[in-house]
Amino acid sequence: MPSLLFDTTPGGAGNTIRIGEHLEAVVEAAVDRVDGCECGPESSCYACLRTFRNERFHELLSRREAMVLLGALSRVSN
Ligand SMILES: [Zn+2]
């Protein structure tokens, strides 16, 4: 599964490098947050996937779909 991370900070803040260096821990933390949330599996909330910055996609964000993606990332990061 091809994927791409990029830093939106002008000049870069080094976040993508740090994420790449600790991908397994990042994926585990994301799984804990998404899998442990109490909102519906076909939806999302501010405790799991929603932020102000992704507001226009809120109705499309699904914890179940996020777990599929995180499962694939977990296989890559191990
Ligand atoms: Zn949630």
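Our structure's up above, just so we're on the same page.
The following paragraphs examine the structure supplied in this document. (Residues numbered from 1 in each chain as written. Predicted model: local features only at pLDDT ≥ 70, side-chain atom pairs only at ≥ 80, totals over all residues. Heavy atoms only, no water.)

## So, the nonpolar core
Ranked by size, the top nonpolar core spans five residues in total: Val 27, Val 34, Ala 66, Leu 70 and Leu 73. It is helix α3 (residues 63-77) that contributes the most residues to this core, three residues altogether. In contact with Ala 66, other than residues within four places in its own chain, are Val 34 and Leu 49. (Core = buried A, V, L, I, M, F, W, Y, C linked by side-chain atoms within 4.5 Å. Buried < 20%, exposed > 50% of the residue type's maximum accessible area, 1.4 Å probe, protein only. Helix = DSSP H or I, 4+ residues; strand = E, 2+ residues; numbered from the N terminus. Contact = heavy atoms within 4.5 Å.)

## Side note on the side chain of Ser 44
Tracing the sequence through the fold places Ser 44 in the loop between α2 (23-35) and α3. Taking relative accessible area as the criterion, Ser 44 reaches 6% and is therefore assigned buried. There is a polar contact of 2.8 Å between the side chain of Ser 44 and the side chain of Arg 50. A distance of 3.2 Å separates a polar atom in the side chain of Ser 44 from the backbone oxygen of Leu 61. (Polar contact = N/O pair within 3.5 Å; in protein donor to acceptor, adjacent residues only side chain to side chain.)

The values reported here are purely geometric and, on their own, carry no functional implication.
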